[in-house]
Amino acid sequence: MRKLFSQLLILLGLLVLDGCSAQSHLVLDEMETVTKESLKYYLYYPKDYFSSENEEFGLLLFLHGGGESGQKMEYIKHNGPPKLLAEGMQFPFLILAPQNPHAQKWWNTEAVAQLLDSVVDANRVDKKRIYLTGLSRGGSAAWEMATQYPDKFAAMAVVCGMAPLPYAHWINKKMPIWVFHGDQDDVINVEESDSMVYKLKEMGYHVEYTRYKGVGHNAWDRAYTTDSLYTWLAKQKQID
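Observations regarding the environment of tryptophan 107
Structurally, the position occupied by tryptophan 107 is in the loop between strand S3 (94-98) and helix H3 (109-122). Along the sequence, tryptophan 107 and histidine 64 sit 43 residues apart, while their C-alpha atoms lie 9.6 Å from each other. Those residues within four positions of tryptophan 107 in sequence are excluded, and the remaining contacts are Leu63, His64, Pro98, Gln99, Asn100, Val112, Arg137, Gly138 and Ala141. Among the polar contacts listed, one links the side chain of tryptophan 107 to the backbone oxygen of histidine 64, at a separation of 3.3 Å.

So this is what it looks like as structure tokens:
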């Protein structure tokens, strides 16, 4: 019995020594990293911008989907507000449409926020009337930006984007939201928007939801040709 007890003590000692030995290789260190991103973009000015020298205008930030990522800049004009601009439509606010330069990477939302701030500072933009919208991969990035920069946007419109439910707790409760999704979407399931909208409404957020019956992933053609979307956006202004 005494021999067994001694063997157990030796084994325990070895385990303790082994643990101490493992801990001795745990090194605390620190490194400062720098990530650079090159963002090309289109910037639209309303027709009254240059004739109204003292007037401030709203600005809509548009984030495109995966199909335009890493492509020629002309691809930006294939969908959403840039497409409508190319077709001659006029808007009452500036529109900033950057391009995600990476075909298979998510948006670098920190870089987009830096670009947005730079454009806002260089132009006559009312900082209380900055709007956010995006489709598909850009819609997912819009949800992300709404959580990372909750005090930056006056309103947000998301088209068929992925919407992680924990984001609901970090979005500015004063910011109105309009969500669009097709119920036959086989790329980003409509349940993403269903669940997020339900959660936001449960928490007391102001949310509009347009759920298209019989529409697949391309809900953006119908969403961005909804005239009331732009009149709705233009009415929004951040409240102190």
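Further notes follow.
Regarding the packing of aromatic side chains
For any pair of aromatic rings, the description rests on two quantities: the centre-to-centre distance and the angle between the ring planes. The tally for this structure, following the rule as stated, stands at 13 aromatic pairs. With a centroid separation of 4.8 Å and 50 degrees between ring planes, the pair formed by tyrosine 45 and tyrosine 49 is classed as tilted. Residue class for tyrosine 45 comes out partly exposed when judged on its relative accessible area of 27%. Both rings, one in phenylalanine 91 and one in tyrosine 230, keep their centres 4.9 Å apart while their planes meet at 80 degrees; by these two values the pair is edge-to-face. Here phenylalanine 91, found in the loop between helix H2 (80-86) and S3, pairs with tyrosine 230, found in helix H7 (residues 227-235); they are 139 residues apart in sequence, far enough to count as distant.

Digging into unusual backbone geometry
One non-glycine residue, serine 136, adopts positive backbone phi at about 55 degrees. Note on placement: serine 136 falls in the loop between strand S4 (125-135) and helix H4 (137-148). Using a relative accessible area of 10% as the deciding quantity, one classes serine 136 as buried. If you check the backbone angles, cysteine 160 has positive phi at about 45 degrees while not being a glycine. Here cysteine 160 falls in the buried class, since its relative accessible area comes to 0%.

Quick look at the environment of leucine 135
The residue leucine 135 is located in strand S4 in this model. Accessibility expressed as a relative area gives 1% for leucine 135, which makes it buried. For the pair formed by leucine 135 and leucine 26, sequence separation is 109 residues and the distance between their alpha carbons is 44 Å. Leave out the neighbours within four places in its chain, and leucine 135 touches Phe62, Leu63, His64, Gly65, Asn79, Val159, Trp220 and Tyr224.

Some words on the pattern of salt bridges
If you walk through the whole model with that rule in mind, you get seven salt bridges. Two residues, aspartate 121 and lysine 127, come together in a salt bridge whose shortest N-O distance is 3.4 Å. Owing to a relative accessible area of 51%, lysine 127 belongs among the exposed residues under this scheme. A salt bridge links aspartate 194 to arginine 211, with the nearest nitrogen and oxygen atoms 2.9 Å apart. Pair noted here: aspartate 194 is in helix H5 (residues 191-202) and arginine 211 is in strand S7 (residues 207-212), with a separation of 17 residues, a long-range link. One salt-bridge network, in which partners are shared between bridges, spans Asp126, Arg129 and Lys237.

About the criteria used
- Sequence order as written defines residue numbering, which begins from 1 separately in each chain.
- Since the coordinates come from a predicted model, pLDDT governs what is reported: local features require at least 70, and pairs of side-chain atoms require 80 or more to be given and counted, while whole-chain, interface and lining totals use all residues.
- Side-chain metrics rest on all non-hydrogen atoms present in the structure, leaving aside hydrogens and water.
- By definition, any uninterrupted DSSP run of H or I lasting at least four residues is a helix, any uninterrupted run of E lasting at least two residues is a strand, and each is numbered from the N terminus.
- Should any heavy atoms of two residues lie within 4.5 Å, those residues are counted as being in contact.
- For this analysis, a polar contact is any N or O atom pair within 3.5 Å, provided that within protein one partner can donate a hydrogen and the other can accept it, and provided that sequence-adjacent residues contribute only side-chain to side-chain pairs.
- Here a pair means two rings of Phe, Tyr or Trp (six-membered ring of Trp) with centres within 6.5 Å. Their orientation is stacked below 30 degrees between planes, edge-to-face above 60, and tilted elsewhere.
- Only protein chains enter the accessibility calculation, which uses a 1.4 Å probe; a residue whose area is less than 20% of its type maximum is buried, one above 50% is exposed, and one in between is partly exposed.
- Take a side-chain nitrogen of Lys or Arg and a carboxyl oxygen of Asp or Glu: if they are within 4 Å of each other, that pair is a salt bridge.

Shape descriptors only; they carry no functional weight alone.
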